[in-house]
Amino acid sequence: MAFDDVDAWVDRFRGFPRVQLIDLDAALGTGDNDALVRRICRELPCRVGGGIRTRVVAEELLALGVARV
C-alpha cells in the first residue's frame, strides 16, 4: 500500500519499537528520498537501508538517531 500522507504514516507506526525504512530509489540507483527518510527518522525509531553506500552517509543517519543502518 502506498500513499502520500507522511504524517498519517508516521502516526500509524508511532507505537512500534522500530520501523524499517528502505529507500528503493536509492537502492536501485534511480534517485533518492533522503529528505523523506531523514524526516521520518527524526520522528520514529528506525532501521534504514537502501542506497547507503558510504560510511559518511551511514554516520549521518546514525547521528539522526537511526537505530541500525
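Anyway, here's the lowdown on the structure attached to this text.

About the criteria used
- Residues numbered from 1 in each chain as written.
- Predicted model: local features only at pLDDT ≥ 70, side-chain atom pairs only at ≥ 80, totals over all residues.
- Heavy atoms only, no water.
- Salt bridge = Lys/Arg side-chain N within 4 Å of Asp/Glu carboxyl O.
- Helix = DSSP H or I, 4+ residues; strand = E, 2+ residues; numbered from the N terminus.
- Buried < 20%, exposed > 50% of the residue type's maximum accessible area, 1.4 Å probe, protein only.

The final tally for this structure, using the stated rule, is 5 salt bridges. With a shortest N-O distance of 3.5 Å, Glu43 and Arg14 are connected by a salt bridge. Of this pair, Glu43 sits in helix α3 (residues 34-43) while Arg14 sits in the loop between α1 (6-13) and β1 (19-22), placing them 29 residues apart in sequence. On the basis of relative accessibility, which here comes to 34%, the residue Glu43 falls in the partly exposed class. Here Arg38 ties to Glu60 by a salt bridge, and the two come within 3.1 Å at their closest N and O atoms. With Arg38 in helix α3 and Glu60 in helix α4 (residues 55-64), the pair connects residues that are 22 residues apart, well separated along the chain. Judged by relative accessible area, which is 22%, Arg38 ranks as partly exposed. Glu60 gets classed as partly exposed once you look at its relative accessible area, which sits at 38%. Ionic contacts of the salt-bridge type, sharing partners, join the residues Asp11, Arg14 and Glu43 into one network.

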